[in-house]
Each structure stands twice: as structure tokens, then as C-alpha cells.
Amino acid sequence: MSDVRVTASFPAFEPFLAALHSLRKAGVERFAVYSPVPLHEYEDLLPRRGSPLRWYALAAGVLGCVGGFALCLIASRFYGVVVGGKPLDSWIPYCVVAFELTVLIAGVVTMATVFLHSRLYPRPLSSAYDPGFSVDQFGISVPCEGEQRQTVAGLLREAGAETVKESAG
Amino acid sequence: MAANPEPGTPFAMTATPYREVHEDILQAVRFPSRRYLGLLALLAGGMGWAALCFGYQVMTGMGVTGLNLPVGWGTYITSFVFWVGIGHAGTLISAILYLLRVEWRTAVARAAETMTVFAVMTAGMFPLIHLGRVWVMYFIMPYPNTAHLWPNFRSPLVFDVVAITTYLTISALFWYLGLIPDLAAVRDRATGRRRWIYGLLSVGWQGENDQWRHYLRAYACFAALATPLVISVHSVVSWDFAVGIVPGWHETLFPPYFVAGAIHSGLAMVLTLLIPLRGVLKLKRVILPRHLEEVAKLIVLTGFIMLYAYVVEPFMVWYGGNEIERQSMVLRATGPYAPYYWVMVFCNAVLPFALFWKQVRSNLTALFAIGLLINVGMWFERYVIIVGSLSNDFMPSAWFTYAPSWVELSIAIGAGCFFLFMLLVTLRVVPAVSVAESKPEPHRAEEAAS
């Protein structure tokens, strides 16, 4: 568990990018980045890449598809009236319901997963967060232990940080 | 933001500072003017009148409508199909154009997505209104019950329930997902109770790299899910008719014809709404005439598909050799619904080609008028298909010319008021254009600046 978080804010992208390179060079692996826009092109510089989200979506889609067919078959078993000459196990019409439920369940689970993995629920904002990060500022927040905080603060200032502040880790 | 970018310049590559983009878009999220409130009050009045009419229909019975054998589906089902169609443009713009990386979509996507959500809600009301005994609507839900009644999942009407529910859910989730970073931006500017509300709605969004990563994956996932969904929903709606044996309905052309028509009307509605709204919400520097011109180009494409459908439909009837189908087609063009038929042909398949001319495409008044007329044409298209076909079926002795009653017209207009009311309220409380997407990614901003 870290003692403090050192957070720097950058008014422009260039010094922010320079700070990311400096941190990587110094072997700092754990840090959070705040930005008003996604940083597609710089994912290599950011910690922890990838997202399991699409696997959850796939699993939920398969579940929805199986559930859709199951629902149709169960309903036709419970209310076994032949309508319009169509057999009770009419697989082609059931594909429509199965498809819709595939999309429905996959969508709902995708949303739940993004909330879970991104920790999206009503909560107090991090002490490192600055409202400028939703406008035009970029931020880096590094959890530090002991003497490391001075080194990190130095690196961030050197790269061109506008402000560097410390908060409880 | 500055004036229109140079021709050929991708819209997101403008070197506009982030703060300026931010301020330009978020200024629209404010307490509305008196005129705006007056308009909302007028729309609320329309909704109230429609609610009273619906109450009258429930108390008196379906005899207050113009429906009578053989015309069992009239204005309500016409409006249902129309509003589902309107909802298609939002998903086209937000999902399909996102997957194709079309950059101009950013300026119009949020408004179109909002339109989709409320259009599908409006559509969803009509089958319930048409039901008559609305209090037994839960019969359509699959659940164990003492009567051992289960929905017939082989029926397109049940497909419809599943498809529309799925479409509404996915559209609403997709819309909300896109809103989260923008709600956080509004939260950061707000104070007091508004800050608390936006804080709740933005669910702790801070723009962390982890959040962005999952957000982008989820957005792509939703776009991939919504793309086939948008095709399926209106195909399912078309099967409500195409699987029936009614002359004028029983056609294999219907699914693509309905999907194209839905997108055609949805895009036209985007023009009809965004042209006045960009002025009302002071977004003229964000939603540029160029963006609307791109929408107009898409309308030309869908207009071609409509023209093709309008030509192929009578051709297949003639080529098929079925006398009853031929008679139905002839009556469509010459019978009691002929004026509506020709309005439909003109507005949907002739008028859009005026957009071939750059002068027309870049004239906002002309674009607004064309958008409005296409919507009129699309409503009549559904009216002609539904009512025209039912009126003149196999037995001439049963033929009946339907006309909507004042109750049906009031409810149909009230539903339009509901749609506009919800849209206008929502676009005042959430950003009408995506803030995060309107800011170019850093490397693109650098390229543009250099």
C-alpha cells in the first residue's frame, strides 16, 4: 500500500507525453492517467492494456441465444396449440427471438461489465482528480512509497508539469 | 470553433483548443429561455389533450376510432411503424458510421441518438393504445400463469415485442454510455444541487485511462451489436405485414424496403430537427452546414433505394400475374387513397433528388423543407401500405374506406408532441453534441496545428 499519491497536471499534451516517457524510463509501472479524450495512440505508454469486456459480451450473447431458443421451446411446450400449421418446434421463427435476446443480453452485460471494471458507480471523486481533466488538462497520478515521491515529483516537474501535489495514497 | 473547415479536411482535425470546444458545446446546457419554456408548455398541452382522448377511448371503447372491418389497423399502427422508422437514423449514425470511422457523425450523433430513444418510446405507445384493453397488455409477457397462457413465439407480432424492447434497451444504453464523459464535464462546471445530480448521473467518471479503455471497448461492442439490430428491427416490423396474405402486404421485398424507408425517414427527421435546434441551442459553430450536407447525401442514397422499391413493387405484382394483387396495386394508384400514394412517391422518391444539387444541399431552408416533406411522405407510405391494402382485400362487398377519427388524430399528434417535448427537455439538460468526441485526439490536434 502506498503512502501518498503524487499528482501532476499538464496544461498541454507535449509535456504530458514527455512525463509519460520519463516515468517509463525510470521504471515506474503503476500510475493513473487522466485525460479529457481517449489516448488510443499512446496505449503502449499506459499501464495495463486490454479489456476483458468483449469476452463477457460474447459469453452473454451465447447465453442470450441459448436462452432465446429455450424460452420459445418452453413456451410452445406449455401452450401447445398449433397455429397456422406451424409445428411447435419451429426453429426458423425461433431464430428471430434468439437473435434479439442475443443482442439484448450481450448489451446489458457489456454495460454492467464496463461499470464494474471502470468502477463506475456514484462515489466521491479521487483526491487526485482535478476538474480541468474534463476540459483541457492532462494528469498523471503516481502512488509512491517513502523517498520515491521526491524522485517522481522531480521527474514530473522536469517534464513540464504545471502543478504537482501530494495527497493521501 | 471557427468557420467551416477547408473542403476535404476531416472535421475532427480542426486545430480548435479543447477549452473552446468544451465551452461551445456546454453553453447549451442551461436554464431555457421563456420562449423555449412557452414551446414546452404548448407541447405539454398537446400531450395532455392526447391523454384525455386516450382516456375517452378507454372509457368508451374502440368505436371512437375510425377502425371497422376489414380495416383493423389504421392511424395507430401507421404511427407505430413511422416512429420506429424515425428511430433508425440514430443507430445508423452512432453505430454504423462509427464502425466506418466517418468523422462528421460526431456533430449530429448525440441529437440523433436522443431522437432514436424517444422515437422508439413514442412508437412503443401505439400498440398499447391500439390494444383497446390496455390493462391486459401483460398477457404478451412470457411468465408462468394459472391460465397456462404463453405467447406464441411463432408470430411476427410477438417478434415485434421482443425486437422493439431490445432496440429500446440497447439504444438507451448506447446513448447513456456515450453520455457518461459529457455528464462528468457538466458536473465539473455545476454547483449545488445540479452538481449532485450530474455527479450521480456521471457515476464517478474521472477520465482515467482504465475508464477510457473499457469505455471504448464497450462503445465498439455496442456499435457492433446495434448494427445488425437496426436491420433486424424494421425487418421484423415489415414481417407483421409480409407474412400476412393480404394483397399489397405479401411481398418478399418488404424487409429491405422497410429498413431503407426507416433510415430515409430518420435522416430526414435529423435535418428537420437539427436545422432549427442548432440555432435555438446556439450550436451553429459546432453543427456546421457541412455536417447537414453529409446527412443530405445519405438521403440521396436512401432515396435511390426507395425509388427502386417503388418501381419493383408494381413490377413484381404485374409479373406475378395474381389478379387480386394487380387490382390492389391499381387501386393504390387510382383509388380512394391515390392522393396519399402520389404524395408518398413524390416526397420519398422524387424530391430527395433535388439534393443532387450543391446549391440545394447547402441551403438550410431547402434542407429543412425537404426533410419535413420526406417525413410527411414516409407517414403516408405506411398509411397507404396498411390502410390501403386492408381496405380493398379479396372480397369487394366488404371494401371500406377508412378515415381516422378526431380521437385517433389527436392521439397521433399528441404522440408527436411527446416526442418533441422529451427531445427538447433532454437536449437542454445533456450536451447535444458529444464533448469528448468533438475534441480531436492529441496526435490529430498536433497534426492540424502544424
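A. Quick look at the overall build of chain B. A count of helical and extended segments in chain B gives 17 helices and zero strands. Compactness check: chain B gives a C-alpha radius of gyration of 23 Å against a globular reference of 22 Å for 450 residues, within 12% of the reference. Across its three principal axes, chain B shows a C-alpha extent of roughly 75 × 55 × 40 Å. Within chain B, the proportion of its 450 residues that are buried is 51%. Residue pairs in contact within chain B that sit at least 24 positions apart in sequence constitute 82% of those at least 6 positions apart.

B. Up close: the overall build of chain A. From N to C terminus, chain A includes four helices and four strands. Helices (α) and strands (β) of chain A occur, in sequence order from the N terminus, as β-α-β-α-α-β-α-β. Against the globule reference of 15 Å for 169 residues, chain A gives a C-alpha radius of gyration of 25 Å, more extended than a compact globule. For chain A, contacts bridging at least 24 residues in sequence account for 81% of all contacts bridging at least 6.

C. Summary view of helix α2 (residues 34–60) of chain B. Residue and element names in this part refer to chain B. In a regular helix each residue adds 1.5 Å, so 27 residues correspond to 39 Å; α2 covers 39 Å between its end C-alpha atoms and thus fits that length. The complete set of buried residues in α2 reads Leu43, Met47, Ala50, Cys53 and Gln57. Looking one or two residues past α2, glycine 61 carries a phi angle of roughly 115 degrees, positive in sign.

D. Structural context of the interface of chain B and chain A. At the junction of the two partners, chain B supplies 52 residues and chain A supplies 56 residues. Broken down by secondary-structure element, the contributors of at least two residues to the side of chain B that touches chain A are α1 (18–26), α6 (156–189), α7 (192–201), α8 (209–242) and α17 (442–449) of chain B. At 16 residues, α8 of chain B tops the list of elements feeding residues into the side of chain B that touches chain A.

E. Examining the nonpolar core more closely. Within the largest apolar cluster, 162 residues are counted, with the highest numbers of intra-cluster contacts made by Val84, Val108, Met115 and Val270 of chain B. Mapping this core onto the domain boundaries places at least three of its residues in each of domain 1 (4–50 + 127–168) and domain 2 (53–117) of chain A. Every residue in contact with valine 84 of chain B, bar those within four places of it in the chain, is listed here: Val120, Ala123, Ile164, Val233, His234, Val237 and Ala262 of chain B.

F. Representation of the domain arrangement of chain A. One can read the domain layout of chain A as domain 1 (4–50 + 127–168) and domain 2 (53–117). The C-alpha-based centres of domain 1 of chain A and domain 2 of chain A are spaced at 45 Å.

G. The arrangement of unusual backbone geometry in detail. Following leucine 69 of chain B, the chain continues into proline 70 of chain B via a peptide bond in cis, with omega recorded as 0 degrees. For arginine 101 of chain B, which is not a glycine, the phi torsion comes out positive at approximately 55 degrees.

H. Inspection of the environment of glycine 132 of chain B at higher detail. All names here are of chain B. Assignment of secondary structure puts glycine 132 in the loop between α5 (105–130) and α6. You can call glycine 132 partly exposed: it has 15 C-beta atoms within 10 Å. With 69 residues separating them in the primary sequence, glycine 132 and glycine 63 have C-alpha atoms 9.9 Å apart.

I. Main features of the sheet that holds strand β3 (residues 138–144) of chain A. All names here are of chain A. Strand order across the open sheet formed by four strands is β2-β3-β1-β4, with antiparallel pairing between neighbours. Strands with a single pairing partner mark the edges of an open sheet, and in this sheet they are β2 (32–34) and β4 (163–168). Averaged over all adjacent pairs, the angle separating strand axes in this sheet is 20 degrees, with direction ignored.

J. Region of the structure containing the packing of helix α4 (residues 88–99) of chain B against α8 of chain B. Residue and element names in this part refer to chain B. In contact at an axis separation of 9 Å, α4 and α8 are set at 140 degrees when each is read in the N-to-C sense. Between α4 and α8, the angle is such that the two are oblique. As α4 packs across α8, the resulting crossing turns out to be left-handed. Contact with α4, carried on its side by His88, Thr91, Leu92, Ala95, Ile96, Tyr98 and Leu99, involves Ala223, Ala224, Ala226, Thr227, Val230 and His234 of α8 and no other residues of that element. Residue classes in the contact of α4 with α8 are distributed as nine nonpolar, four polar and no charged.

K. View of the pairing of β3 of chain A. Residue and element names in this part refer to chain A. Of all seven residues in β3, six are buried; the element is thus mostly enclosed. With seven bridges connecting them, strand β1 (residues 4–10) and β3 associate as antiparallel partners. Bridge pairing in β3 links serine 9 to glycine 139. Direction of pairing for β2 relative to β3: antiparallel, over a ladder of three bridges. Looking at β3, one finds that tyrosine 34 is bridged to glycine 139.

L. Inspection of helix α4 (residues 148–159) of chain A at higher detail. All names here are of chain A. Taking 1.5 Å per residue as the helical rise, α4 with its twelve residues ought to reach 16 Å, and the 17 Å between its terminal C-alpha atoms agrees with that figure. Residues of α4 that are buried include every one of Arg149, Val152, Ala153, Leu155, Leu156 and Ala159, and no others. The arc enclosing the buried residues of α4, seen along the axis, measures out at 160 degrees, which places them on a common side. Exposed side chains of α4 directed beyond 90 degrees from the buried face belong to Gln150 and Glu158.

M. Fine view of the packing of helix α2 (residues 53–78) of chain A against helix α3 (residues 91–117) of chain A. All names here are of chain A. Where α2 meets α3, the axes come as close as 6 Å, and the angle between the chain directions of the two elements is 145 degrees. The two elements α2 and α3 meet at a crossing, and its hand is right-handed. Residues that form the contact of α2 with α3 fall into these classes: 18 nonpolar, eight polar and one charged.

Basis of the calculations
- Residues numbered from 1 in each chain as written.
- Chains lettered and ligands numbered in written order.
- Predicted model: local features only at pLDDT ≥ 70, side-chain atom pairs only at ≥ 80, totals over all residues.
- Helix = DSSP H or I, 4+ residues; strand = E, 2+ residues; numbered from the N terminus.
- Rg over C-alpha atoms; globule rule 2.2 N^0.38 Å.
- Buried ≥ 20, exposed ≤ 12 C-beta atoms within 10 Å, placed from the backbone.
- Contact = placed C-beta atoms within 7 Å.
- Expected span 1.5 Å × (residues − 1).
- Core = buried A, V, L, I, M, F, W, Y, C linked by C-beta atoms within 7 Å.
- Domains from an automatic or database assignment.
- Pairing = 2+ DSSP bridges.
- Axes fitted to C-alpha atoms, helices over the stretch in contact; angles between N-to-C directions.
- Parallel < 35°, antiparallel > 145°, perpendicular 65-115°, else oblique.
- Left-handed = near helix turned anticlockwise from the far one by under 90°.
- Nonpolar A, V, L, I, M, F, W, Y, C, P; charged D, E, K, R; others polar.
- Arc of directions from axis to C-beta.

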